[in-house]
Amino acid sequence: MQKLKDAKLYKGELVSLNTPLVNRYNQCLKLIGIAPTALTQISVDGIGWSPEVAEEKDNLYYLNIGEANTNAIIISPEQHHKPVYFPFHSFDKDIMYGIFAAHKKAITDITRDGAICVDLDQFIDAFYHPLDLLKYKTISTGFRILNDLDKKQEEQLELIETFYEGNNFIDDQMHIKLLASARKHGDLRQRKLKLTPLTYQTTSFYTKAFGGVFVLRDFIQTILIFEDDKNYKEAIKDTEQDVLIYKITDDELLDKLIDHSIITSDIEDEAKTERYARIKKFVLSRYLTHTDHPIKDILEDHILFKSYLHKINELDRNTVLCVDKFVAKSASVTETTKDQKQFFKALAKPHSSLQDEHLTLIWKLLLKIAPLDIVNLYYFEKELFYDHYKNWDASLKDWAIATIKEDLKNHSL
């Protein structure tokens, strides 16, 4: 992954924590019932997840307590606007943005010498059946401040109020109590340490629970889409819920998403786009072995591309050209192999009528169905991108990095 790190495309937006802050982080882990880390230098993302701690614990989701309950740790105001690299739910990032927006001043005050443990409570103790996901409606953010600094502030304010009552200002014991509080906790009078619980109404979302499930309930009919076959089979046994249930590999799924105005799939229009061109290049790369030229050069040079296209076997060549043949009216989408069907699926995109809150979710779904567009895979499904990247040829990695960086540059203009 070093090439990605050098290109600032791999977990580059993290907050570094030194030893004192790691000690504070460990105190938070203890508060939520998680064993502390033995590391002295770590980094965290927007939700307080650390790649170093995840590697140490061999658990990407070490902040979770079961599949139904997620925790966050705010150790620094610098976590604001940082990515959430491995969210358990698709709405985790939105909730963290909301917390920072609502409590920016308090977070700055508290993290001067403390930290915040956040409980993302959806009022479900545990999941027992896949359709329990339909109970996800309202999420409340509960806050626990390290060392109960907010309670210490209340105690200090009560002492001050008592100090001004009657002749208490001359009471030596009162002086001792006030000084002890000030020495231990500092002057807390003007600090903003109160965090009001927030509520978040869930709409459509994705969760890693039950092996990965998309819950689409803002459209014509609620749709559940399962990645895991076992949980899919368990879900379809329930005939009482008025929901549509699909496995993510079902060929008819895309047609249903089109019927519900969730996605569109105009192959002829998409065949004119840069997205199609890079998908076609990536499809060719999957059939290139023992080449005389670096794969990056083959994909970027028009003449080399055509040369190697004619060196692969006929079936693979037909896969690379299947969309071109369809546009030329010399082939049908229904008369295709599994790889060719995936190519056609990769050209689907979210419906133009979707709200912004749904766009990222639907891109995530489409990329899980057909992960052939390396740019959008990097934008919307980084975890899957990283998994695929590890197995690519070194030159294909170079092409992917160059392609993503070029797209990032163009989008920043």
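Preceding block: the structure.
Notes on the structure follow. (Residues numbered from 1 in each chain as written. Predicted model: local features only at pLDDT ≥ 70, side-chain atom pairs only at ≥ 80, totals over all residues. Heavy atoms only, no water.)

Among the residues of helix α4 (residues 92-102), Asp 92, Ile 95, Met 96, Ile 99 and Phe 100 are the ones counted as buried. What you see down the axis of α4 is that its buried residues fit within an arc of 135 degrees, all on one side. Looking at the packing, one finds that the buried side of α4 touches β4 (69-74), α5 (104-110), β5 (116-121), β6 (138-145) and β7 (198-201). (Buried < 20%, exposed > 50% of the residue type's maximum accessible area, 1.4 Å probe, protein only. Helix = DSSP H or I, 4+ residues; strand = E, 2+ residues; numbered from the N terminus. Arc of directions from axis to C-beta. Contact = heavy atoms within 4.5 Å.)

Looking now at unusual backbone geometry. The backbone of Lys 8 shows a phi angle near 60 degrees, a positive value even though the residue is not glycine. Mapped onto the fold, Lys 8 is located in the loop between α1 (2-6) and β1 (15-17). A positive phi angle, near 55 degrees, is found at Asp 58, a position not held by glycine. With respect to the helices and strands, the residue Asp 58 is situated in the loop between α3 (51-57) and β3 (64-65).

Pairing between sheet strands relies on hydrogen bonds along the backbone, with the strands arranged either parallel or antiparallel. Within the open sheet, the four strands sit side by side as β8-β9-β10-β11. Their pairing is mixed. Only two strands of the sheet have a single neighbouring strand rather than two, namely β8 (205-207) and β11 (244-247). The sheet shows a mean angle of 15 degrees between the axes of neighbouring strands, direction not considered. Of the strand pairs in this sheet, strand β9 (residues 213-216) and strand β10 (residues 223-226) are connected by four bridges, and their pairing is antiparallel. The residue bridging Val 215 from the neighbouring strand is Leu 224, located in β10. (Pairing = 2+ DSSP bridges. Axes fitted to C-alpha atoms, helices over the stretch in contact; angles between N-to-C directions.)

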